[in-house]
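# Observations on the model geometry
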Amino acid sequence: MAGGGALYEFTLPERFHKVAEIELGETDQVREQSLTELRKWIENNPRILECRTDVNFLLKFLRFRKFSVTEAGEAIERYLVARQKHPKWFQGMDPREEGFRLLQESGVVVEMGQDEHCRTILIMRSKQYSPDRDTSTSIIKHLVGFVDLLTEQEEVQIGGVRVWIDYKNMPLRLITLFGPIELAGCIPVFTKTLPLRIREVHGVGIPKAAVAISTLALTFASEKFRKRVQCHASIEEGKKCMPPNLWPTEFGGSIDAQQLGERMSETFEQNRDFLLSFDAMAIDVKQKFDSPISEEQNQTTQQLSPDADNDGVENFRDLKVD
């Protein structure tokens, strides 16, 4: 796997530098020290058999855990365990596989751009799913691959994401693909395991038939995550929370989400070998965890790390449906 201690240079615009420092406690000194400690932690951890140690991979988890080296290490372990516990969702991430390819070409989840706070806007277009074509496994695997590739972007690592789920014209048979077992497994993967800072989730136009399963899904998420969820009865209401310059055509804007989805397909193809290489990562799930990072070491990287979670959505509104 990729490794090494290549020198890092922060090349993003100044606004990302400010967000990184204010929200994550990231400075040049903290970043350099944390990278060194986390890389050593991986190398000295007897449970980890194979793992990426390149700068970008380590920064994914350090930024995810606000430069707490201990928590970042634990998050890496949790990620590696999930890869082995759920191979059908994580292994063999091949963009050329028909089920994966068709989902991506359909543009079911699209990256729209960044808002003024450096948050990346994502839209999930439920109408693009097909119960005749898709399975719960293919849907979850595609989303895992999307997040794995998305979080390679430093803009996403730093600013996090705001997600809009558009339920309009969703095929109702889609609901039947997910039962309690699938939800109990995949919801923690997306809300706790994958290193993605989800700042807000907006459900738009949830049909009555989907209320029960949506409520059930949220029971498998943390209270902190549930507070970041808002539900809107209509597109008109939901799009008020989204910057107008990022509205897709479905929201009355000018951005063609379908075209963006097709471009993402090209990105997946370009990164095919990279995604497949993740399968080499491995962890001994039978061996007891004993972190070699001392509390004293970890505290040195936490001194400038503020608790920036309070800027998330604090009001979990009752579901409103058409």
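Our subject in this report is the structure included herewith.

### Section: the pattern of salt bridges
Pairs can form between side chains of opposite charge once their charged atoms are near each other. Applying the stated criterion across every chain yields a total of 24 salt bridges. Note that Glu154 is salt-bridged to Arg63, the shortest N-O span being 2.9 Å. Placement of Glu154 in helix α8 (residues 154-159) and of Arg63 in helix α3 (residues 55-64) is noted, with a sequence separation of 91 residues between them. Looking at Arg63, the relative accessible area reads 0%, which means it is buried. In this structure, Glu250 engages Arg125 in a salt bridge whose closest nitrogen and oxygen atoms are separated by 2.8 Å. Here Glu250 is found in the loop between α12 (235-238) and α13 (257-270), whereas its partner Arg125 is found in strand β3 (residues 120-125), with 125 residues between them in sequence.

### Some thoughts on the side chain of Asp94
You can see Asp94 is positioned in the loop between α5 (87-90) and α6 (98-105). Within the structure, the side chain of Asp94 is placed 2.6 Å from the side chain of Arg272, a separation counted as a polar contact. Leaving out residues up to four positions away in the same chain, Asp94 has contacts with Phe100, Arg272 and Leu276.

### Digging into the packing of α6 against α13
Between α6 and α13, whose axes approach to 8 Å, the crossing angle comes to 145°. Here α6 contributes Phe100, Gln104 and Glu105 to the contact with α13, which in turn contributes Gln258, Gly261, Glu262, Met264, Ser265 and Phe268. Along the lines of polarity and charge, the residues of the contact of α6 with α13 split into three nonpolar, four polar and two charged.

Basis of the calculations
Residues numbered from 1 in each chain as written. Predicted model: local features only at pLDDT ≥ 70, side-chain atom pairs only at ≥ 80, totals over all residues. Heavy atoms only, no water. Salt bridge = Lys/Arg side-chain N within 4 Å of Asp/Glu carboxyl O. Helix = DSSP H or I, 4+ residues; strand = E, 2+ residues; numbered from the N terminus. Buried < 20%, exposed > 50% of the residue type's maximum accessible area, 1.4 Å probe, protein only. Polar contact = N/O pair within 3.5 Å; in protein donor to acceptor, adjacent residues only side chain to side chain. Contact = heavy atoms within 4.5 Å. Axes fitted to C-alpha atoms, helices over the stretch in contact; angles between N-to-C directions. Nonpolar A, V, L, I, M, F, W, Y, C, P; charged D, E, K, R; others polar.

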